[in-house]
Amino acid sequence: QVQLVESGGGLVQAGGSLRLSCAASGRTFSSYAMGWFRQAPGKGREFVGYVSGISGTTRYVDSVKGRFTISRDNAKNMVYLQMNSLKPEDTAVYYCAARRGVASLLASSYDYWGQGTQVSVSS
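Quick caveat, the model's predicted, so the values are computed rather than measured.

### Describing the overall build of the chain
Next up, step 1: For the chain, the helix and strand inventory stands at zero helices and 11 strands.
Next up, step 2: The linear arrangement of helices and strands in the chain, starting from the amino end, is β-β-β-β-β-β-β-β-β-β-β.
Next up, step 3: A principal-axis box enclosing the C-alpha atoms of the chain has dimensions of 40 × 25 × 25 Å.
Next up, step 4: Put simply, 57% of the contacts in the chain that link residues at least 6 apart link residues at least 24 apart.
Next up, step 5: For the chain, the exposed area adds up to about 6300 Å²; of that, 47% sits on carbon and sulfur atoms.

### Section: the environment of Gly 26
Next up, step 1: Of note, Gly 26 is situated in the loop between β3 (18–24) and β4 (32–39).
Next up, step 2: In this structure Gly 26 comes out as partly exposed when scored by relative accessible area, which is 39%.
Next up, step 3: Put simply, Gly 26 and Gln 115 are 89 residues apart on the chain and 17 Å apart in space, counted from C-alpha to C-alpha.

Here is what the cut-offs are and how they apply
- Residues numbered from 1 in each chain as written.
- Predicted model: local features only at pLDDT ≥ 70, side-chain atom pairs only at ≥ 80, totals over all residues.
- Heavy atoms only, no water.
- Helix = DSSP H or I, 4+ residues; strand = E, 2+ residues; numbered from the N terminus.
- Contact = heavy atoms within 4.5 Å.
- Areas by Shrake-Rupley, 256 points an atom, 1.4 Å probe, with all protein chains shown as cover.
- Buried < 20%, exposed > 50% of the residue type's maximum accessible area, 1.4 Å probe, protein only.

Structure below.
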């Protein structure tokens, strides 16, 4: 079983930056696709972006494209979500997720999830 532990959430002013970290257990981390999702109050879970395990290909939802960057360090079993130019509408609980194989935009396709970390952006 893969365990994911997130950190880095907090309160930030609009226009500011945060970097979320996700530490993963597992000997085959590099083979896992890693996704980031978020859930705002009263809304469903939304795809934010992913990084594939094979090629490191990244993909993002349009609303964060150009502001957020996903990266991974396979030697450290870590994945990161760098968030710049934050907006109040980015306020949500952010989740790290993992699945073995190809990357996916679908939350239901991921097998392992972190505990979530709160990101709050004030105007």
